[in-house]
Amino acid sequence: MTRVWRSRAALLLAVCVMLGAYLLFPGVKAFVDNSFAAFAHLDSADLARFIQSWGPQAAAVSFFLMILQAIVAPLPAFLITFANASLFGAFWGGVLSWTSAMAGAALCFYIARILGRGAVEKLTGKTVLDGMDTFFTRYGKHTILICRLLPFVPFDPISYAAGLTSLRFRSFMLATGLGQLPATVVYSCVGSWLTGGTYWLVTGLLTLFALAILLMMAKKFYAERQKRFR
């Protein structure tokens, strides 16, 4: 049995174990269902209350939620970062968010590398993956750095797409870590004092910031395209 097939068999076994646990154990099913329900409101305060309800296991639950959102895109990871900051403080909450996001990115990368494009298209959608391919073809690992800095650019499809390229895992993790760090620091600092209307104010400002950067990128790409066809 080749290394790829051994990896696929191990991944399939892990999926079967998790699915079996979900179907056979009511406690596991309730936890997963409640996790999705906590995400559904798109409110970091609700998510923080859900995480806090697990007491001493709160940090582990938060880590699991970050992994869950990485695999089952598109769930908003920044909500977890806000919740972690409000529960554990800006520093430790930021450390938890950054490390769990890195673990989620690594998992997506290896899922893509092991299962191949067909499986990734089912997870992310063909259109989204094709869009990521275009960026990687033109900008390579710089695509990761740029997209990690943008708060509302899908995080996980980038990780999946990177796993389908020849990019080395070490380079991928380095670019992801550096690109994710500034956003994690900002979200953690802001999340430590976000409440009520302030939450929506800052969310709106972050949205405008992201749109401004996207417009600048689009303008740059258009200018480069025009030069190429002259």
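As recorded in an unreviewed UniProt entry, the protein goes by TVP38/TMEM64 family membrane protein and comes from Scandinavium goeteborgense. Its UniProt record gives the protein a comment under Subcellular location (unreviewed entry), which states: "Cell membrane". Turning to the protein, the UniProt annotation filed under Sequence similarities (unreviewed entry) states: "Belongs to the TVP38/TMEM64 family."

### What about the pattern of salt bridges?
Under the defined criterion, the tally for this structure stands at 4 salt bridges. Across the pair R117 and D130 runs a salt bridge whose closest N-O atoms are separated by 3.0 Å. Taken together, the residues R117 in helix α7 (residues 117-124) and D130 in helix α8 (residues 126-139) connect sequence positions 13 residues apart. The partly exposed category is assigned to D130, whose relative accessible area is 29%. The partner of D130 in a salt bridge is K126, and the shortest N-O contact between them spans 3.0 Å. Residue D130 and its partner K126 are located together in helix α8, separated by 4 residues, close to a single helical turn. Here the salt bridges do not stand alone but share partners, grouping R117, E121, K126 and D130 into one network.

### Focus: helix α4 (residues 58-71)
Relative to the 20 Å expected for 14 residues at 1.5 Å per residue, α4 spans 20 Å between its end C-alpha atoms, a close match to the ideal helical length. Within α4 the residues assigned to the buried category are A58, V61, S62, L65, M66, I67, L68, Q69 and A70. Tucked into the core, α4 has its buried residues touching α2 (26-40), α3 (44-52), α5 (77-88), α6 (90-115) and α10 (156-163).

### Some details on the nonpolar core
By size, the foremost hydrophobic cluster in this structure holds 23 residues, and its most contacted members are F136, I144, I158, Y160, A162 and F172. Elements with a minimum of two residues in this core: α6, α8, α9 (142-149), α10 and α11 (169-191). With 7 residues, the top contributor of residues to this core is α6. Apart from residues no more than four positions distant in its own chain, F172 is found in contact with A105, A106, F109, I144, R148, S159, A162 and L167.

### What to know about the confidence of the model for the protein
Taken over all residues, the pLDDT of the protein has a mean of 76, while the share at 70 or more is 73%. When pLDDT is averaged over each element of the protein, α6 comes out on top at 90 and helix α12 (residues 196-228) at the bottom at 57.

### What about the environment of V28?
Summarising the element assignment, V28 is placed in helix α2. The class of V28 is partly exposed, set by a relative accessible area of 32%. Taking the C-alpha atoms as reference, V28 lies 9.3 Å from M18; in sequence the two are 10 residues apart.

### Digging into the side chain of Q69
For Q69, the position within the fold is in helix α4. Judged by relative accessible area, Q69 falls into the buried class, the value being 3%.

### A look at the packing of α3 against α4
Contact geometry of α3 with α4 gives a least axis separation of 8 Å together with a crossing angle of 130 degrees. For the element pair α3 / α4, the angle class is oblique. Contacts from L47, F50 and I51 of α3 reach α4 at A58, V61, S62 and L65. Tallied by class, residues from the contact of α3 with α4 come to 6 nonpolar, 1 polar and no charged.

### Describing α2
Relative to the 21 Å expected for 15 residues at 1.5 Å per residue, α2 spans 21 Å between its end C-alpha atoms, a close match to the ideal helical length. Of all the positions in α2, only F31, V32, S35, A38 and F39 are classed as buried. Buried residues of α2 fall within an arc of 120 degrees about the axis and therefore sit on the same side. Exposed residues pointing more than 90 degrees away from the buried face of α2 are listed as P26 and A40.

So, how was this worked out
Residues numbered from 1 in each chain as written. Predicted model: local features only at pLDDT ≥ 70, side-chain atom pairs only at ≥ 80, totals over all residues. Heavy atoms only, no water. UniProt positions renumbered as here; feature names shortened; annotations may be inferred. Salt bridge = Lys/Arg side-chain N within 4 Å of Asp/Glu carboxyl O. Helix = DSSP H or I, 4+ residues; strand = E, 2+ residues; numbered from the N terminus. Buried < 20%, exposed > 50% of the residue type's maximum accessible area, 1.4 Å probe, protein only. Expected span 1.5 Å × (residues − 1). Contact = heavy atoms within 4.5 Å. Core = buried A, V, L, I, M, F, W, Y, C linked by side-chain atoms within 4.5 Å. pLDDT = per-residue confidence, 0-100. Axes fitted to C-alpha atoms, helices over the stretch in contact; angles between N-to-C directions. Parallel < 35°, antiparallel > 145°, perpendicular 65-115°, else oblique. Nonpolar A, V, L, I, M, F, W, Y, C, P; charged D, E, K, R; others polar. Arc of directions from axis to C-beta.

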